Amino acid sequence: MQKRNILLLISSLVVAAADSCLDKYGYRCCSTCTISYTDDTGNWGVENDEWCIVEDSCNKNALENDTDECWATSLGYSCCSEGADIILEDENGKWGLENDDWCGIIEKKSGSNDKNEDDCWSKSLGYSCCTSCEISYEDTDGKWGYENDDWCGIVENKCTETKTTKTTKTEPNPTSTDPDNEEIPIVKSNSRITPVPGYFHVKGSEIVDENDEPVRIAGVNWFGTETAQLSPHGLWSKNLTEILYLIVDHGYNTIRYPYCNDIFKPGASTVSIEYYRNPWAKGLSPLEVMDVVIKEATDLGLKIILDRHRPDFQAQSALWYTSAVSEEQWISDWQKLAKRYKDNSGVIGADLHNEPHDEACWGCDDISIDWRLAAERCGNAIHEINPNWLIIVEGIHHIGETCWQCGDNYWWGGYLKKGVVDIINKPVNLKIPNRVVYSTHDYPREVFPQTWFDDPTFPDNMPDKWYNYWSWIKKDNIAPILVGEFGTKLEDDWDRVWLKTLVNYMKENRLHWTFWCLNENSSDTGGLITGGAWDGWHDEKDSMLEPIKAPDFRFHD
């Protein structure tokens, strides 16, 4: 999504007006001391995708604090705050995770007063060490205790006497009791889903099943695998089955599954999964975790759309390739997924690249930026492995000068304007026909105050806006449209009016959709799940979506 970057950009512009560095250097001062580049001017950082000046006071503070040098800055990362847990260790050093990003851990100088700090062996596994010596269970890693509702490692040289309460060699499972004898409840499902077997394909402007009967995709986005965690969020609070039951019990039939290409890296590992609740995940790679999630979801009758959301966990990209992830790798990784899930007809499609924007064009015939041509290359390569997948192609951002909000623009990935994005004369042509689904994203003014929200006729102006920018493809019987992202916090009546109007529009025009999002931790929109510990449900959002749900995959006019 573009939304967080938009808000950060606006904030940075406001701050820059009063920035002491702006007058002197032409760039604002950094808010942190992370150095990305040094020249004759001084030290430079990067924040909100813009250069900024690292002030001399950072060096002064570093000397005054007598801390070791932050070795991670040379690799493009900041250093962790004191006491950060070690998540992994490589040839560069020890790494932690803060603010959804990697950070370097500074080793204590010799003579440090923090005795036995390095004895905390469990930090490398993502757990702190215990303050007590009571052993709850033991495995090949070591002896474990349980404190503050979480596992902790027991440092034996700090415990001269230990009392063992359990000595099982196996991991606990979701139905066992924890060390405090608090039993994790066995969840039961009241699923509303009526599964539809087989793959889907396109017929005119409809998506149909293997019997050519129209079906409706009506689902949710469950993000996390595109972030530093490399796994769906919420598995730190709930077991997988509980979360999947929430989806099917509320009548959503599809999961759009965002990921990043980091999951394919050798040695990639997930972060923050609670193994007590999800013992199956211990030792699994991000791809293997994806395997389990997808199998359990499709066993429940859900369909899966895989979404290449980011090239790496750090950020989205305007184009489908970056300096770190080439087009060849983008295509190759898609082919790996097509092969991996070829035998599971519950995985129905590939959303090739999330939210093309900035320089991405449609039909300009420049192979380096023409998103339409790239979608054809990737879609055909996927079909060499699995010819049954739907190929989902999002729009672009704008037409005109390449800059923020220049030219005629819409939401990132949402611009499919009639008469401009020429899908009639320059469609995505694949060797295997009847597989292309076009996709848009749409959001309310709380995400960004687009000009059309200030129209005095709002919300009556929105149906024409939607028709001109994307739904004409469906209404003019060109191809199906998937509204791949739309969501809101429902914080005021404007948001409610927007969502109600869009839901009515999607119902009247038989549109497909995946709501953003399931997760409670979306800073832009919040989620269907709420409560701070993934233990609540947003009944108002859910009820507003009820008219367009399709638990049996059918339209109900």
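Anything mentioned here points back to the structure above.
Residues numbered from 1 in each chain as written. Predicted model: local features only at pLDDT ≥ 70, side-chain atom pairs only at ≥ 80, totals over all residues. Heavy atoms only, no water.

A word on the nonpolar core
In this structure, Leu-306, Trp-334, Leu-352, Trp-389, Tyr-438 and Trp-470 are the most contacted members of the largest nonpolar core, which totals 128 residues. With 7 residues, helix H8 (residues 462-475) is the single largest residue contributor to this core. (Core = buried A, V, L, I, M, F, W, Y, C linked by side-chain atoms within 4.5 Å. Buried < 20%, exposed > 50% of the residue type's maximum accessible area, 1.4 Å probe, protein only. Helix = DSSP H or I, 4+ residues; strand = E, 2+ residues; numbered from the N terminus.)

Quick look at the sheet that holds strand E18 (residues 390-394)
Within a beta sheet, neighbouring strands are joined by backbone hydrogen bonds and run either parallel or antiparallel to one another. One closed barrel holds the 8 strands; their spatial order is E14-E15-E16-E17-E18-E21-E22-E23, and the pairing between them is parallel. With direction set aside, neighbouring strand axes in the sheet form an average angle of 25 degrees. Alignment of strand E17 (residues 347-351) against E18, held across 3 bridges, turns out to be parallel. Opposite Ala-350, over in E18, you have Ile-391 as the bridge partner. Across the face of the sheet, helix H7 (residues 371-385) comes into contact with E17 and E18 while running at roughly 165 degrees to E18. (Pairing = 2+ DSSP bridges. Axes fitted to C-alpha atoms, helices over the stretch in contact; angles between N-to-C directions. Contact = heavy atoms within 4.5 Å.)

Looking at the environment of Ile-217
On the secondary structure map, Ile-217 appears in the loop between strand E13 (206-208) and strand E14 (218-221). Classification of Ile-217 by relative accessible area gives buried; the value is 2%. Considered as a pair, Ile-217 and Ile-305 are 88 residues apart in the sequence and their alpha carbons are 9.9 Å apart. Excluding residues that lie within four positions of it along the chain, Ile-217 makes contacts with Ile-207, Asn-253, Thr-254, Ile-305, Ile-348, Leu-482, His-512, Trp-513 and Thr-514.

Thoughts on the state of the cysteines
Tallied over the entire structure, the rule returns 2 disulfides. A sulfur-sulfur separation of 1.8 Å characterises the disulfide bridge that pairs Cys-361 with Cys-364. (Disulfide = S-S within 2.5 Å.)

Such coordinate-based values are descriptive only and should not be taken to indicate function.
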